[in-house]
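# Overview (structure and organization)
The primary structure of each chain is shown beneath.
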Amino acid sequence: MEIKRNVSLKKFTTFRIGGRADFFVSVQTEAELHEALSFARKKRLKTFILGGGSNIVFSDDGFRGLVIKMDIKGIVLRHTHTLTTLIEVGAGEVWDELVSFTVGQGLCGIENLSGIPGTVGAAPIQNIGAYGVEVKDTVEWVEVMNQKTGAKKRLSHSACGFSYRDSIFKHAKGGNYVITRVCFRLVKDGAPVLSYKDVAQYFEGKETPPLKDVRTAILTIRKGKFPDLSKVGTAGSFFKNPIITNAEYRTLRQKFPDTLSYYYDRNHVKIPLGFILERMGWKGRTLKRVGVYDRHALVLVATRHATRKELQSLVEMISNDVKKQTGITIEEEVSLVS
């Protein structure tokens, strides 16, 4: 394990924005993670755990502390006496490679999350979701290490505090935890979720498809909506879809009559923010070296040499406009790291 100094963070994030970290280290084992955390405690350094960098934007000034790149790998299958299979995965595994592996094994549960960039350890933090599925639906437990003490602990599904794009790990109660492994409960030859509009249209008139066809469909749909990460800086969907009351939704439809909604609970609905932003004219707009993707209004993009300051200016403009026109306060899905 080598702790490096003054490392540029741009190449470690999909937005390719950010300054330099005072210290940077890649850890491939729990022992190395423990050593890195001990180093930070001795030096009284702030730490940041970095996965695939697909849901964060670093400051233009970089990070004053130690960035720990999570590269703990490993996949272990543990078959049960039922139709389900437990699969234990290192936090540093690439998420989409895991999805591809499970589909190849005939294990159903996360195929709708195909194509999402990032690592396995980040998935439960954000409770990633797409096309009618959230990762919380499959998480059995999460193994963590306490940054302050180095102690290891296993958190059950219920202890993770999952909700829409949220978990205990994004709050003070779980902020000191570093995820090292995640266990998923998947179903052998299970029935895929095909109810989401885009997926339902893709398979309209066809029999229930095999998992490999579902994965192909998801990747095809995503390709039509999201930019190529090798060519464009982005973190995918930048904002959360707002959850509003039924009364607020009725008011919203007075201005945007064709606004869709998705059931959340008896008193709330979730609305597609991308649809609202498109109606408000944000799709395809640019501000200096950042902008709104011309195929999906929920996606923000950045060109070469874009800055965090430019991105934040765009985010504020969009948020203020949505508030002014709809009364809705929107939240970022992407984390802005200082």
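Up top is the structure.
Okay, so let's go over this structure.

Calculation criteria
- Residues numbered from 1 in each chain as written.
- Predicted model: local features only at pLDDT ≥ 70, side-chain atom pairs only at ≥ 80, totals over all residues.
- Heavy atoms only, no water.
- Helix = DSSP H or I, 4+ residues; strand = E, 2+ residues; numbered from the N terminus.
- Contact = heavy atoms within 4.5 Å.
- Buried < 20%, exposed > 50% of the residue type's maximum accessible area, 1.4 Å probe, protein only.
- Pairing = 2+ DSSP bridges.
- Axes fitted to C-alpha atoms, helices over the stretch in contact; angles between N-to-C directions.
- Salt bridge = Lys/Arg side-chain N within 4 Å of Asp/Glu carboxyl O.
- Polar contact = N/O pair within 3.5 Å; in protein donor to acceptor, adjacent residues only side chain to side chain.
- Disulfide = S-S within 2.5 Å.
- Arc of directions from axis to C-beta.

## Some thoughts on the side chain of H296
Here H296 lies in the loop between strand 19 (290-292) and strand 20 (299-302). What H296 contacts, discounting residues up to four positions off in sequence, is K225, F226 and K283.

## Description of unusual backbone geometry
We note that R16 has phi near 55°; this positive angle belongs to a residue other than glycine. By the secondary structure assignment, R16 is in the loop between strand 1 (4-8) and strand 2 (20-27). Its relative accessible area of 34% is what places R16 among the partly exposed residues.

## Focus on the sheet that holds strand 5 (residues 63-70)
Read across the open sheet, the four strands follow the order 1-2-5-3; overall the sheet is mixed. The sheet is open, and its two borders are formed by strand 1 and strand 3 (46-50), each paired with just one other strand. Ignoring strand direction, the axes of neighbouring strands in this sheet form an average angle of 40°. Packed onto the sheet, helix 1 (residues 30-43) meets strand 2, strand 3 and strand 5 and runs at close to 175° relative to strand 5.

## Quick notes on the pattern of salt bridges
Think of it this way: side chains of opposite charge can pair up when their charged atoms draw near. In this structure the tally under the stated criterion is 19 salt bridges. A salt bridge links K212 to D213, with the shortest nitrogen-to-oxygen separation between them at 3.3 Å. In this structure D213 comes out as partly exposed when scored by relative accessible area, which is 30%. We note a salt bridge from D258 to R279, for which the minimum N-O separation is 2.8 Å. Of this pair, D258 sits in the loop between helix 6 (246-255) and strand 16 (262-265) while R279 sits in helix 7 (residues 273-279), and the two are 21 residues apart along the sequence. According to the relative accessible area criterion, D258 is partly exposed, its value standing at 41%. Taking the relative accessible area as the measure of exposure, R279 reaches 39% and is therefore partly exposed. Salt bridges here are not isolated pairs; linked through shared partners, they connect R78, E88, E143, R154 and R181.

## So, the environment of T47
Examined against the element boundaries, T47 turns out to sit in strand 3. Remark: the alpha-carbon pair of T47 and F63, spanning 16 residues in sequence, is separated by 8.9 Å. Setting aside chain neighbours within four positions, we find T47 in contact with A40, F63, L66 and Q147. Side-chain polar atoms of T47 contact the side chain of Q147, separated by 2.4 Å.

## Section: the state of the cysteines
The full count for this structure, using the stated rule, is zero disulfides. Among the cysteines around C160, which has no disulfide bond, C183 carries the closest sulfur, lying 11 Å off. Take C160: its relative accessible area is 0%, and that puts it in the buried class. Owing to a relative accessible area of 0%, C183 belongs among the buried residues under this scheme.

## Looking at the sheet that holds strand 20
Strand order in the open sheet formed by four strands is 14-20-19-18, and the pairing between neighbours is antiparallel. At either margin of the open sheet sits one strand with a lone partner, and together these are strand 14 (233-237) and strand 18 (286-287). Across three bridges, the pairing between strand 14 and strand 20 is antiparallel. Bridging from a neighbouring strand, S237 pairs with V299 of strand 20. Across the sheet, helix 8 (residues 308-326) lies against strand 18, strand 19 and strand 20, angled at about 30° from strand 19, the strand it touches most.

## Quick word on helix 2 (residues 95-104)
For an α-helix, the turn length of 3.6 residues means that residues three or four places apart are oriented alike. Listed in full, the buried residues belonging to helix 2 are W95, L98, V99, T102 and V103. Angularly, the buried residues of helix 2 cover 135° about the axis, an arc narrow enough to put them on a single face. Turned more than 90 degrees away from the buried face of helix 2 sit E97 and G104, all of them exposed. Buried residues along helix 2 sit in contact with strand 6 (75-79), strand 7 (84-90), strand 8 (107-108), helix 3 (122-126), strand 13 (177-188) and helix 5 (211-225). Taken from the residues just after helix 2, G106 is the one with a positive phi, measuring 75°.

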